[in-house]
Amino acid sequence: MSEKKDVRILAYESSCDETSTAVIKNGREIESLIVATQIKSHQRFGGVVPEVASRHHIEVISQITKEALAEANASWNDIDAIAVTYGPGLVGALLIGVSAAKAASMATGIPLIGVDHIMGHIMAAQLKDEIEYPALALQVSGGHTEIVLMKDPIHFEIIGDTRDDAAGEVYDKIGRVLGVNYPAGKTIDAWAHEGKDTFHFPRAMMEDDDYDFSFSGLKSAFINTCHHADQIHQQLNKYDLAASFQASVIDVLAHKTIRALKQYRPKTFIMGGGVAANHGLRDRMSSEIAKLPKTMQPKVILPDIKLCGDNAAMIGAAAYNLYNAGKFADLTLNADPSLELPYADSMLN
């Protein structure tokens, strides 16, 4: 009996402010990963400027394609599929990656796979350990805060979603109030470990019987507290502010996620997205899961910190599962900035 052939996928990611390429073998092994970051270009604006992001993607995408192949010691003949993020994200930024992947597919005849960016974030866990299904993921990033039920490697459904601001988005907004450069999450997390929860900001929807989130009230409470202090010339402790803000975010995320784990009893729990790099959240989720009865404790996979942000390795991991399922795209593939995973029936009623 012949050995199973290795599958190598060249992946592209350009949904926001990182241009990335990678070669992934068998959905688990990173043979190369190139990330061209644009953070310094956007910091002076306090956030991502879509037109600037698109121009940077154009400047580097051809070069980092060559670099990914070279680092993997691969030629186009070694590549079995070309994968690309086609949504959600900034439409101009997405179009650069989609156009590059389609051009490469057309020129080489290599099959094309379109990948949902959120599915990619969740599948970063697959690069660390084997996922046992069904699985449940807490996906927390600058644009999304969701609890996702995964029936198998390609069938995902949202059981909880944010109704307004995403958690990562609020980190950046309150960071601006505190004078922290974009992206603010890492600094706020560090400051939170130096302070105490003295402000007791609201924990919105924590006791509601659904798995949805809301962070706009927390954002407003934080900003109003800081503005009021400015008006009366009161100096607030930035470490306590950060600790109080982070405690509110983590309390809600942990409480609802643990409740979902108790209801759905998944075999694996995953965290994905940029906020999954937050040390406070990682520690809290690990400790809360350890408190569950042994029969309810899922396998826990927290992706490597470097794979929590946007990167093409996670896209290649997700694409491998789609490859095995025969889910290929054609040259009509287009950017879909509002792409969403399907919602569970319980959320549509």
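As the structure is a computational prediction, the values presented were derived from the model and not from experiment.

## Description of the packing of aromatic side chains
Link 1 in the chain: Under the defined criterion, the tally for this structure stands at 8 aromatic pairs.
Link 2 in the chain: Centroid distance F222 to F245: 5.9 Å. Interplanar angle 75°. Geometry classified as edge-to-face. Here F222 is found in helix 7 (residues 216-231), whereas its partner F245 is found in helix 8 (residues 238-264), with 23 residues between them in sequence.
Link 3 in the chain: Judged by centre distance (5.6 Å) and plane angle (80°), the ring pair of Y323 and F328 falls under edge-to-face.
Link 4 in the chain: Take Y323: its relative accessible area is 22%, and that puts it in the partly exposed class.
Link 5 in the chain: Judged by its relative accessible area of 39%, F328 falls in the partly exposed class.
Link 6 in the chain: An aromatic cluster is defined as three or more aromatic residues linked by ring pairs; in this entry it consists of Y171, F199, F201, F222 and F245.

## Considerations on the side chain of S248
Link 1 in the chain: The topology assignment puts S248 in helix 8.
Link 2 in the chain: For S248, a relative accessible area of 2% gives the class buried.
Link 3 in the chain: Residues contacting S248, with those up to four places away along its chain left out, are F201, P202, R203 and L218.

## Comments concerning the UniProt feature "binding site: substrate" (unreviewed entry) in the chain
Link 1 in the chain: Under the feature "binding site: substrate" (unreviewed entry), the UniProt entry names Q139, V140, S141, G142, G143, D172, G185, D189 and N278. Checking the named residues against the largest pocket, the ones that line it are S141, G142, G143, D172, G185, D189 and N278.
Link 2 in the chain: Residue position: G143 is located in the loop between strand 6 (135-140) and strand 7 (145-150).
Link 3 in the chain: Judged by relative accessible area, which is 5%, D189 ranks as buried.
Link 4 in the chain: Excluding residues that lie within four positions of it along the chain, D189 makes contacts with Q246, N278, H279 and G280.

Calculation rules
Residues numbered from 1 in each chain as written. Predicted model: local features only at pLDDT ≥ 70, side-chain atom pairs only at ≥ 80, totals over all residues. Heavy atoms only, no water. Phe/Tyr/Trp six-rings, centres within 6.5 Å; stacked < 30°, edge-to-face > 60°. Helix = DSSP H or I, 4+ residues; strand = E, 2+ residues; numbered from the N terminus. Buried < 20%, exposed > 50% of the residue type's maximum accessible area, 1.4 Å probe, protein only. Contact = heavy atoms within 4.5 Å. UniProt positions renumbered as here; feature names shortened; annotations may be inferred. 1 Å grid on protein atoms, 1.4 Å probe; cavity = no way out; pocket = protein on both sides within 12 Å on 5 of 7 lines; lining within 4 Å.

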